[in-house]
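Coordinate inspection notes
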Amino acid sequence: MTATLINNTRDLEEASASEVIAWAKETYSDKLVLASSFQDCVLIDLVINIAPDVEVVFIDTGMHFKETLEYVETIRSRYDLRLVTLQVDESASDYPCGINGCCNVRKVLPFDRFLEKSGSRAWISGIKRVDTDERADVPVVGWDERRGIVKVNPIASWSEEDVSSYKELRNLIEHPLAAKGYGSIGCAPTTRPIEPGENPRAGRWSGQDKTECGLHLP
Ligand code: SF4
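Residues numbered from 1 in each chain as written. Predicted model: local features only at pLDDT ≥ 70, side-chain atom pairs only at ≥ 80, totals over all residues. Heavy atoms only, no water.

Overview of unusual backbone geometry
What counts here: Helix and strand definitions here come from DSSP, where helices need a minimum of 4 consecutive H or I residues and strands a minimum of 2 consecutive E residues; each element is numbered from the N-terminal end. Accessible area is worked out with a 1.4 Å probe on protein chains only. A residue is then buried under 20% of its type maximum, exposed over 50%, and partly exposed in between.
Positive phi values are uncommon outside glycine, yet Asp80 reaches one of about 50°. Residue placement: Asp80 occurs in the loop between helix 4 (66-79) and strand 3 (82-86). Take Asp80: its relative accessible area is 60%, and that puts it in the exposed class. Phi is positive for Trp205, close to 45°, though the residue is something other than glycine.

What follows is the structure, encoded as structure tokens:
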């Protein structure tokens, strides 16, 4: 299946991640951006192989592990990324970490402003249906109601095993904390290593009801 043959979302549900990315690039050209948390570089590797000039957005919440910031630089250099680093809202210090308001001013608002200013028509995210209950039904291509643009989730149907296999196949550089038991890696104060058998996202906002930062909520 080539990108030109993929002409509706049902086709896209059946397409491979690379085919979805090729379709998105062909459809949205330079109005397509990739958002990455840099917990790994699976999606970056997939996207850059097809669209090497795509802008990659990293939201620097000011709360990241130093290892994450080092990893961002490692991956930027390895892939020669067109990296855009977003800074937090000035009001961020008014919000204690761990609450929705904190994620809102440190992640959601800077990202919303960037998308609006850049005139982006579509963004690519690395969310998967197996991540959380809230993500169980995410489509490969959907409408981001909040931002009024298209959201593309090329690896929505992937399992954790698919991710591991791809990393091995492509010999990808791992985040330094992966070897220390961290599954999903977000801000330092609200991320812990996981126990064997736990869902990778169990280490995020552990012990709280919160499971999402808000970027992926309607
Ligand atoms: S993940 Fe935690 S520290 Fe980071 S912005 Fe959200 S609440 Fe704040």
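We are not done yet, so read on.
Notes on the layout of surface pockets
Note the cut-off: Residues are called lining when one of their atoms sits within 4 Å of a cavity or pocket point, these points coming from a 1 Å grid over the protein atoms alone, where a cavity is a set in which a 1.4 Å probe fits but cannot get out and a pocket is an open set with protein on both sides within 12 Å along at least five of seven lines. Grid points are joined across faces, edges and corners, and a volume is the space filled by probe spheres set on the points. Note on residue classes: Ala, Val, Leu, Ile, Met, Phe, Trp, Tyr, Cys and Pro are nonpolar, Asp, Glu, Lys and Arg are charged, and everything else, Gly too, is polar.
Taken as a whole, the largest pocket encloses approximately 910 Å³ of empty space. As for the largest pocket, its lining consists of 46 residues, and the residues nearest its centre are Ser37, Gln39, Asp40, Ser184 and Ile185. Broken down by secondary-structure element, the contributors of at least two residues to the lining of the largest pocket are strand 1 (32-35), helix 3 (42-50), strand 2 (55-59) and helix 6 (160-170). Residues of the lining of the largest pocket, tallied by class, amount to 22 nonpolar, 13 polar and 11 charged. In this model, the second largest pocket occupies a volume close to 290 Å³. The wall of the second largest pocket is formed by 17 residues, among which Val138, Lys151, His216, Leu217 and Pro218 lie closest to the centre. The leading source of residues in the lining of the second largest pocket is strand 5 (residues 141-144), at three residues. Taken together, the residues of the lining of the second largest pocket break down into seven nonpolar, three polar and seven charged.

Some points on empty space enclosed by the protein
The full count for this structure, using the stated rule, is one cavity of 30 Å³ or more. Counted as a void, the largest cavity has a volume near 110 Å³. Looking at the largest cavity, it is lined by 14 residues, and the ones nearest its centre are Cys102, Cys103, Cys187, Thr190 and Trp205. By residue class, the composition of the lining of the largest cavity is eight nonpolar, three polar and three charged.

Let's talk about the site of the ligand
To be explicit about the condition: Each residue is tested against the molecule or strand, and it is near if at least one of its non-hydrogen atoms lies within 4 Å. Molecules are considered to sit inside a cavity or pocket once more than half of their atoms lie within 2 Å of its grid points.
Contacts to the ligand come from Met63, Cys97, Gly98, Ile99, Cys102, Cys103, Arg106, Lys107, Cys187, Thr190 and Trp205. Judged by its atoms lying within 2 Å of the grid points, the ligand is housed in the largest cavity. Among the residues making up the shell around the ligand, the classes are represented as seven nonpolar, two polar and two charged.

Brief notes about the packing of aromatic side chains
Which entries qualify depends on this criterion: Each Phe, Tyr or Trp ring (for Trp, its six-membered ring) is paired with any other whose centre lies within 6.5 Å, and the angle between the two planes then decides the class: stacked below 30 degrees, edge-to-face above 60, tilted in between. Only lysine NZ and arginine CZ atoms are considered, and such an atom sits over a ring when it is within 6 Å of the ring centre and within 35 degrees of the ring normal.
Applying the stated criterion across every chain, the model contains five aromatic pairs. Summarising the aromatic geometry, the rings of Phe38 and Phe58 are spaced 5.4 Å apart at their centres and angled 85° between planes, so their arrangement reads as edge-to-face. Pair noted here: Phe38 is in the loop between strand 1 and helix 3 and Phe58 is in strand 2, with a separation of 20 residues, a long-range link. With respect to class, Phe38 is no different from Phe58; both count as buried. Centre to centre, the rings of Phe65 and Tyr182 are 5.4 Å apart; their planes meet at 75°, and the pair counts as edge-to-face. Here the residue Phe65 occupies a position in the loop between strand 2 and helix 4, and Tyr182 occupies one in the segment after helix 6, the gap between them amounting to 117 residues. Tyr182 matches Phe65 in its accessibility class, with the two residues each being buried. Lying over the aromatic face of Tyr79, Arg78 brings its terminal NZ or CZ to 4.4 Å of the ring centre. Over the aromatic face of Trp205 sits the side chain of Arg204, whose NZ or CZ is 4.8 Å from the ring centroid.

Observations concerning the confidence of the model for the protein
Filter applied, for reference: Known as pLDDT, the predictor's confidence for each residue is given on a scale from 0 to 100. In this analysis, two residues are considered to be in contact whenever any of their non-hydrogen atoms come within 4.5 Å of each other.
Mean pLDDT for the protein: 92, with 96% of residues reaching 70 or above. Segment residues 1-6: pLDDT under 50, and 14 contacts once partners within four positions in sequence are set aside and those in other chains are kept.

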